[in-house]
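So you can see what is in the structure, the chains are spelled out below.
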Amino acid sequence: MALRTGSSYLPEETMERAKVGNPIEKDKLKKDPTSAFLDVYEFAKAIRAGALDWEDVEKADMDSRLKWVGLLHRRKRTPGSFMMRLRTPNGIVTSDLMRLYAESVEMYGPDFGVVDITTRQNIQLRGITLAEADVVIDKLHALNQTSYHSALDNVRNMVGSPLAGIDDQELVDTRAICNALNDLISLNRETGERGNPVWCNLPRKFNIAVSGSRDDFAHTHINDIGFVPTKHATTGEMGFNVVFGGYMSIKRVAESVPIDLWIPADVNSAYALSEAVLRIFRDEGFRGDRQKARLMWLIEAKGFPEFREQLVAEIDSYDRGVTTDVAQPADSTPFTRRELLGVHQQKQEGMYRVGVHVPTGRLHPESCRELADLADKYSAGEVRLTVEQNVILPNVHESKLDALYAEPALAEGKHLSVTPGNIRGNTVSCTGSQFCGLALIETKANADMLTRKLDELLDVPRPLRIHFTGCPNSCGQAQAADIGIMGAPAKKLDPETGKKKAVPGCNIFVGGRIGEDAHLALEPFKKNIPLEEETLIPELVEIITSQFGGKLKVVSEEA
C-alpha cells in the first residue's frame, strides 16, 4: 500500500492556493515533504557508498524537505552539516539518551559537535552529517525519541511542566497530554512508525504548550495553543482555559489571546481540541506571505467569536464526548512564581528536585555524560529540561543530597552548577551567529561572558532573567525577559579615522514578564548599543540598578 502524502490531505481549494503561494508552498507541491522519511536513508546510504556527495543533493531537499526529519542544513555557517532538532515531549529524557547525544556529536569535534537545550524543553544536536543521519535517527527511535516533524512547517516540541508529577502545587500532570499530542503529530497510525503525513503540509510552524500550575513554566502566552489550568467555577472540575495565537517573528510579536473557551484537563479533550485547531489551520491557513501565515492571522481574519464557533463545531463533529464551556475565572489568590534552579522539596515525602544550571543551554559530550551519570546515581536515570535551558534531576532522596552536592561534576569552576548566581543562572540564549546565518551577533559566548561579569559587579535581590537573541526572529525570546538583548546594527567612533564604523550591536528590551502576569516588552528600551563589553556592561549596570534594585558590590582593597 502506497503511503499517503501530506498534500493528499489538503482540500482542492487549499491546493489551489498553495499552487500560487510562496516558494516554500510550491516546493512542497513539487515534491512532498514526506519524501524525506525515505530519502534520508537513501541519501545516507549513497554517500557512505561513495555514489553521492551532499553537494549533489537537490538544494530544496538539502535545505528544506529534510527539515521534516529534523535536519536543518546550515549552508551559510557549516555547509554540509546539520543541526538535528529532536522531539522531547514535556522535556523528559533519560540517561541513555544523554549518552546517545554525546556519542552522536563527539566525532565532529569540540567546536561543532555540541548539544543545545532549547527554549522549548528540547534538544538540538549539532554537526550531524547526512552520511550519519540515518544511524542517529534509528538509535533515537530505539530509545523512543524522534527528530521527525521538528522544523519548518511542522508542529514543534510539546512543552509541559518540568515539575509534572512531583509538584505539591500541581494542578495538572502534563506528561500524558504532551505524549499524546506528540503522537498526534508524529506517529503514523497506519504503520505505527514515526512520520505522519496528516500534518505534513501546514502553512507555517505551530507551537503548543501545556501548563501544569499557576507558575506557567510552559509559557503559554507565546504559543499557538496554550493550555492554562483553571478549575471550573461550578463543578470544581480541573480544566484548561485555552489561549491561542501567540508567537514571535521578525515582523510581529503577539501574545496569545483568549477566545472565552474552557475544556476539561484530560488527554481526550486536549487531543480533540488540538486536532481541530490543526485541521482548520492546515486547510484554511494563509499560504501567501509567510510573515502573515501564523495562526494569529487566521484567527484575526475570521474574528474571535467566529473562530471559537467554528472550533467548537469542529470538536463536536468528532463525537468523542468532549465538553466545552466559556472561560472560567482564574484563581485570584496571591501567588508567587517559584524557582526551578537549586534544591526544592517535592510532594513525595523525603524526595527533592535539584535544578542544575547549564550555561546558555550548551552541552558538550563530557557534560552530557556527566549529567547521565548523575541521573543514574540520584534520579533513577531521569533528566528534565526547562524552557530556561537548564535541567532538573527529579526524585533525589534526601539522604543522597550531600553526596550529590559533593559530585566533581558540580564542583566550583565546572560547567554544571546548582548555585550559579542570580544573573548568570537565569540567562537564556539563542544559537547566535556561530551556527545561525540569520543572527547578527554571536550570542552564547557573549551571554556567558557578560553575565559572569554582571554577577561579579552586582548584587540583585531576586533572579534576574536576561535573554540574548541574535536577530528580530527572537528565538531567544528577548521580549519575555526582564532584560532582553537582541542583535541589531550599531556604530562606534573609530579613533584612527575619526568616523563612525559599523560594529556588532544590540537593542535592549526591559520589563518582559512570565507566569500568571505574563507580558511582552514590545518596544526597545534602548537601541543600537555596541555589543562590546566596555559599552554594554555600563548600560546594563545602569538598567539593573535603576529598574531591578541591583546594587554594586563593595570590593575591599587588598592589604
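Residues numbered from 1 in each chain as written. Predicted model: local features only at pLDDT ≥ 70, side-chain atom pairs only at ≥ 80, totals over all residues. Heavy atoms only, no water.

Under the annotation held in an unreviewed UniProt entry, the protein chain carries the name Ferredoxin--nitrite reductase, chloroplastic and is attributed to Coccolithus braarudii. The UniProt entry for the protein chain carries the following text under Sequence similarities (unreviewed entry): "Belongs to the nitrite and sulfite reductase 4Fe-4S domain family." According to the UniProt record, the Pathway (unreviewed entry) comment for the protein chain reads "Nitrogen metabolism; nitrate reduction (assimilation)." (UniProt positions renumbered as here; feature names shortened; annotations may be inferred.)

Attention shifts here to the side chain of Ser-274. Here Ser-274 shows up in helix 9 (residues 267-284). Filtering out sequence-adjacent residues up to four positions away, Ser-274 remains in contact with Leu-181, Leu-184, Ile-208, Ile-225 and Phe-227. (Helix = DSSP H or I, 4+ residues; strand = E, 2+ residues; numbered from the N terminus. Contact = heavy atoms within 4.5 Å.)

Bringing the pattern of salt bridges into the picture now. For the coordinates displayed, the defined rule picks out 49 salt bridges. Between Arg-287 and Glu-25 there is a salt bridge; the shortest N-O distance is 2.7 Å. Taken together, the residues Arg-287 in the loop between helix 9 and helix 10 (295-302) and Glu-25 in helix 2 (residues 23-30) connect sequence positions 262 residues apart. Each member of the pair Arg-287 and Glu-25 is classed as buried. Here Glu-366 and Lys-414 are joined by a salt bridge, their closest N and O atoms 3.8 Å apart. Residue Glu-366 is located in helix 12 (residues 365-378), and its partner Lys-414 is located in the loop between helix 13 (401-405) and strand 17 (427-429); the two are separated by 48 residues in the primary sequence. The network of salt bridges with shared partners includes Lys-30, Lys-31, Asp-39, Glu-58, Asp-61 and Arg-65. (Salt bridge = Lys/Arg side-chain N within 4 Å of Asp/Glu carboxyl O. Buried < 20%, exposed > 50% of the residue type's maximum accessible area, 1.4 Å probe, protein only.)

What follows is about unusual backbone geometry. Residues apart from glycine generally show negative phi values, whereas peptide bonds are mostly found in trans. The backbone phi angle of Gln-121 is positive, close to 55°, even though this residue is not glycine. By secondary structure assignment, the location of Gln-121 is in the loop between strand 4 (115-117) and strand 5 (123-129). One non-glycine residue, His-219, lies in positive phi territory at about 60°. Take His-219: it is sitting in the loop between strand 6 (208-210) and strand 7 (225-231).

This paragraph deals with the packing of aromatic side chains. Counting across every chain of the model gives five aromatic pairs. Ring geometry for Phe-37 and Tyr-148: centres 5.2 Å apart, planes at 5°, overall stacked. Remark: Tyr-148 occurs in the loop between helix 7 (130-142) and helix 8 (175-186) and Phe-37 occurs in helix 3 (residues 36-48); sequence separation between them is 111 residues. Residue classification places Tyr-148 among the buried residues on the basis of a relative accessible area of 2%. Look at Phe-244 and Phe-307: their rings are 5.7 Å apart centre to centre, the planes differ by 75°, and that puts the pair in the edge-to-face class. Of this pair, Phe-244 sits in strand 8 (residues 238-244) while Phe-307 is found in helix 11 (residues 304-317), placing the two residues 63 residues apart along the sequence. For Phe-307, a relative accessible area of 0% puts it in the buried group. Taking NZ or CZ as reference, Arg-4 lies 3.7 Å from the ring centre of Tyr-9, over its face. (Phe/Tyr/Trp six-rings, centres within 6.5 Å; stacked < 30°, edge-to-face > 60°. Lys NZ or Arg CZ within 6 Å of the ring centre and 35° of its normal.)

Glancing now at the side chain of Gln-121. Look at Gln-121 and you get buried, because its relative accessible area is 1%. A distance of 3.1 Å separates a polar side-chain atom of Gln-121 from the backbone oxygen of Leu-385. Beyond its immediate stretch of four places on either side in the chain, Gln-121 contacts Thr-88, Asn-90, Gly-91, Asn-157, Met-158, Val-159, Gly-160, Ser-161, Pro-162, Leu-385, Thr-386 and Val-387. (Polar contact = N/O pair within 3.5 Å; in protein donor to acceptor, adjacent residues only side chain to side chain.)

What follows is about the environment of Val-358. Mapped onto the fold, Val-358 is located in the loop between strand 13 (351-356) and strand 14 (362-363). By relative accessible area, Val-358 is classed as buried at 1%. When the C-alpha positions of Val-358 and Ala-481 are compared, they lie 18 Å apart, and in sequence the two are 123 residues distant. Once you skip the residues sitting within four places of it in the chain, Val-358 turns out to touch Ile-117, Leu-363, Gln-389, Asn-390, Val-391, His-415 and Leu-416.

What follows is about helix 7. In this model, helix 7 (13 residues) spans 19 Å end to end at C-alpha, consistent with the 18 Å of a helix rising 1.5 Å per residue. Looking at the packing, one finds that the buried side of helix 7 touches helix 3, helix 4 (59-63), strand 1 (71-73), strand 2 (81-85), helix 5 (95-106) and strand 5. (Expected span 1.5 Å × (residues − 1).)

Moving on, we get to the sheet that holds strand 3 (residues 92-94). Across the sheet, five strands lie side by side as 3-15-16-13-12; this open sheet has antiparallel pairing. A single partner strand is all that each edge strand has here, and the edge strands are strand 3 and strand 12 (342-345). When the angles between neighbouring strand axes are averaged without regard to direction, this sheet yields 30°. Sheet strands in contact with helix 5 are strand 3 and strand 15 (382-385), and its direction is about 80° off that of strand 3. (Pairing = 2+ DSSP bridges. Axes fitted to C-alpha atoms, helices over the stretch in contact; angles between N-to-C directions.)

UniProt's entry tags residues 153-312 and 426-548 with the feature "domain: Nitrite/sulphite reductase 4Fe-4S" (unreviewed entry), counted in the numbering of this structure. Span residues 153-312 is 29% helix and 18% strand, its end C-alpha atoms 25 Å apart. Note that residues 426-548 is 24% helix and 31% strand, and that its end C-alpha atoms are spaced 14 Å apart.

Turning our attention to the domain arrangement of the protein chain. Interface size, as often reported, equals the accessible area lost upon joining of the parts. The domains assigned to the protein chain are domain 1 (6-318) and domain 2 (427-548). For domain 1 versus domain 2, the separation of C-alpha centres amounts to 28 Å. Here domain 1 meets domain 2 over a buried area of about 2000 Å², counting both sides, of which 56% is carbon and sulfur. When residues of domain 1 are sorted by the area they lose upon contact with domain 2, Arg-77, Thr-119 and Met-248 head the list and together hold 27% of the total. For the pair domain 1 and domain 2, the number of links is one salt bridge. For the salt bridge of Glu-516 with Arg-214, the shortest nitrogen-to-oxygen distance reads 2.6 Å. Run the count over domain 1 and domain 2 and you get seven residue pairs in polar contact (both at pLDDT 80 or more). (Domains from an automatic or database assignment. Buried area = accessible area lost by both parts, 1.4 Å probe.)

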